[in-house]
Amino acid sequence: MSAIQFVLLAIFVVSALVGYKIINRVPSLLHTPLMSGMNAFSGVTILGCLAATAATGTLGEPGVNWIARIFGYIAIILAMLNVVGGFAVTDRMLRMFHSESADRTEKTGGQN
Amino acid sequence: MLNSLISVAVMAQSSTVNIIPNMDPDKQIPYLVLAGLLAITVLIGISMMSKVNRAVAGNLLGSVSMALAIALTLWAFDIFSVIDLWVAMLIGTILGLIISRKVTMLQMPQMVGLLNGFGGGASMIAGALTLINPGGEDPFSLITSGLAIYVGSLTLTGSIVAAGKLHQVFTQKPIVLKGHQFWTISTALLGFVSAILFVHPAFASGAAKIFLIMLSAIISGAFGIIFSIRVGGADMPITISLLNSFSGVAGGIAGLAISDPLLVAVGGIVGASGLLLTQIMCRAMNRKLADILLGKTSTPTMKKAAQGATEVKQADDAEIELADEDAQETPIAPVAKEDPHLDWLMEARRVIIVPGYGMALSQAQEQVKQLMLLLESQGAKVDFAIHPVAGRMPGHMNVLLAEVDIPYDKLCEMDDINDQFKDADLAIIIGANDVVNPAANTAEGTPIYGMPILSVEDTKHLIIMNFDRQPGYAGVDNPLYDESADKVALLLGDAKASLEKIFAQLADR
């Protein structure tokens, strides 16, 4: 195992600990959007999919591993669905939360 | 001349690194710096999600960071102009936007489950491609690629089964195979071993490698199916949350395989958050994670607990089916002539409403809001008590109630509101059972013993709207149902119909 791989493992552990710390502060009120938001982030694997798909060869040049590349397309579509669907749905949910005071100003604003 | 050459070589060695295979060494340092910055903005975005008023912005920051991360990756690997990658991304984006518009709040648990599965599937393929592509033949890359296939594949199949159960494509009841425990453990171990086996020289190339990739994916996928088909309806939130963690871990491992620090960092964060939510839910349900993982659904203990009940009923599951089929026809049980609960409603000054999944099933949120407005128009103070495991995923009730514009300041966590029940005039329980069952405090040896519950029994009057008198998922009879009619009014039947009836009766007065 090279030094950089050791560093990568360290990044994994540290970010897990930091994430744990931060997420512990999220109130249970928001646990559903938190979960779908985290779900969107898990689509970060798109980065790996893009790099791995591109590495199957260069378009227009010989030696492209087409079977691998088509699997790569599937992976990109799935990961993108995960990312975009996840963030969009989280946004939809979060916008539904209104506080009482905000509601009141809205209402009085409408009446005036 | 030689001197300058040496110094250039030294400089080159110190300023350019070759960490990431397939990436131009000159771009690696800027890439790492920018990736580090994006990891920080992701963390800031997530931490903004701890406050409701900043959560929308936090989510936006997260999604922008993700878009930048994609752009950065395309730039760093010199693949910005590779058209087919963009086409694939566009297709995924359009599909993602379509399903995010179509999904209802009630369907959110299965939506999250399904998307999770997609992420896992993508990580699995990324791992497989990394093995097939040239470069990265060191043991570390080989093992991490193998593990990405393992975790990715089990996340994919496990999530699809979980989402299918929640969507009622498959039965919600736990499916137990012959020797289930054996199959769970052996597929788990074999999947893991096959992932590690990629370091063996026999699988270094060609057909043997492809064969092992497929074998590994199939065994791990079988493990995902076997472990999730055994989970019953009410344990599904825990499974979904655990699979969420897995999908993060799968991404992180894929990041280790291709040496991508950003992927590793975000994968670690997601993995940790899923695990934390899983822990919170386990605590709230008084279940051990290991029991759920090994498929020990509460069935064995339930038999002991149900004593009186003729057959241990997967009450929750049955209730779901019944509610769906007969919701409209079920007559509301006749209530006592005087309908004391109408007086309670009229007179109460302090009311706490306890919603459960039954409310969601009968889609009574709008009626619940009307009830709240009605009580408030009489000057009563109304709050909602939300148990951590009410609904089908953590925080599900809050989203359902927010959808009908109930202000979130009224949605109280269990610990914040539990000591207010004794000062309240009236608690209205709508489609919740186990989370208010006082047997959790007293009935030793039952699955819910020790589970923290909402102390509704401290309140002066209770109105309980439940579908039937059957015990809840845990199979423990609820003593509240047998309380005297002076304290408890039991309105059996569909929650929406019960509420409509109350409104009609009050209007007649």
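See above for the structure.
All of the points below concern the structure found in this document. Note that the structure is predicted; figures quoted are calculated from it, not measured.

Concerning the overall build of chain A
Within chain A, the regular secondary structure consists of 5 helices and 0 strands. Beginning at the N terminus, the succession of helices and strands in chain A can be written as α-α-α-α-α. Taken over 112 residues, chain A has a buried fraction of 58%. Of the accessible surface of chain A, which amounts to about 4,700 Å², a share of 66% is contributed by carbon and sulfur atoms.

Some details on the interface of chain A and chain B
Each side of the interface is counted separately: chain A has 82 residues, and chain B has 103 residues. Interface area for chain A against chain B, summed over the two sides, is near 8,100 Å², with a carbon-plus-sulfur share of 77%. A salt bridge links R69 of chain A to D84 of chain B, with the nearest nitrogen and oxygen atoms 2.8 Å apart. The dominant element in the side of chain A that touches chain B, judged by the number of residues it contributes, is helix α4 (residues 66-94) of chain A, at 26 residues. Classifying every residue of the side of chain A that touches chain B by side-chain character gives 51 nonpolar, 24 polar and 7 charged.

Focus on the environment of I448 of chain B
By secondary structure assignment, the location of I448 of chain B is in the loop between α19 (439-442) and β5 (461-466). Taking the C-alpha atoms as reference points, I448 of chain B and G158 of chain B, 290 residues apart in sequence, are found 26 Å from one another.

Observations concerning the side chain of T144 of chain B
All names here are of chain B. Here T144 lies in helix α6 (residues 139-166). Judged by relative accessible area, which is 5%, T144 ranks as buried. Among the polar contacts made by the side chain of T144, one reaches the main-chain carbonyl oxygen of F140 at a distance of 2.7 Å. Once residues lying within four places of it in the same chain are set aside, the contact partners of T144 are I253, L256 and A257.

Here we look at the side chain of S247 of chain B
Its location among the elements puts S247 of chain B in helix α9 (residues 236-257). Not counting chain neighbours up to four residues away, the residues in contact with S247 of chain B comprise S42 of chain A together with N116, G120 and T155 of chain B.

Quick look at the pattern of salt bridges
Residues and elements named next belong to chain B. Per the counting criterion, the structure on display carries 7 salt bridges over all chains. The salt bridge involving K381 is made with D383; its shortest N-O contact spans 2.9 Å. Classification of K381 as partly exposed rests on a relative accessible area of 47%. Owing to a relative accessible area of 7%, D383 belongs among the buried residues under this scheme. Salt bridges here are not isolated pairs; linked through shared partners, they connect R350, K381 and D383.

A word on the packing of helix α3 (residues 46-54) of chain A against helix α3 (residues 52-76) of chain B
For the pair α3 of chain A and α3 of chain B, the least separation of the axes is 10 Å and the interaxial angle reads 20°. On the basis of the axis angle, α3 of chain A is roughly parallel to α3 of chain B. Between α3 of chain A and α3 of chain B lies a crossing whose hand is right-handed. Between α3 of chain A, through I46, L47 and L50 of chain A, and α3 of chain B, the contact on the second element is made entirely by A69, I70, T73 and L74 of chain B. Looking at side-chain class alone, the contact of α3 of chain A with α3 of chain B contains 6 nonpolar, 1 polar and no charged residues.

Some remarks on the packing of aromatic side chains
The relative placement of two aromatic rings is captured by the distance of their centres and the angle of their planes. Residues and elements named next belong to chain B. Summed over the entire model, instances satisfying the criterion amount to 5 aromatic pairs over all chains. Ring geometry for Y150 and F192: centres 5.9 Å apart, planes at 70°, overall edge-to-face. Of this pair, Y150 sits in helix α6 while F192 sits in helix α7 (residues 180-196), and the two are 42 residues apart along the sequence. On the accessibility criterion, Y150 (11% relative accessible area) is buried.

What counts, and where the lines are drawn
Residues numbered from 1 in each chain as written. Chains lettered and ligands numbered in written order. Predicted model: local features only at pLDDT ≥ 70, side-chain atom pairs only at ≥ 80, totals over all residues. Heavy atoms only, no water. Helix = DSSP H or I, 4+ residues; strand = E, 2+ residues; numbered from the N terminus. Buried < 20%, exposed > 50% of the residue type's maximum accessible area, 1.4 Å probe, protein only. Areas by Shrake-Rupley, 256 points an atom, 1.4 Å probe, with all protein chains shown as cover. Contact = heavy atoms within 4.5 Å. Buried area = accessible area lost by both parts, 1.4 Å probe. Salt bridge = Lys/Arg side-chain N within 4 Å of Asp/Glu carboxyl O. Nonpolar A, V, L, I, M, F, W, Y, C, P; charged D, E, K, R; others polar. Polar contact = N/O pair within 3.5 Å; in protein donor to acceptor, adjacent residues only side chain to side chain. Axes fitted to C-alpha atoms, helices over the stretch in contact; angles between N-to-C directions. Parallel < 35°, antiparallel > 145°, perpendicular 65-115°, else oblique. Left-handed = near helix turned anticlockwise from the far one by under 90°. Phe/Tyr/Trp six-rings, centres within 6.5 Å; stacked < 30°, edge-to-face > 60°.

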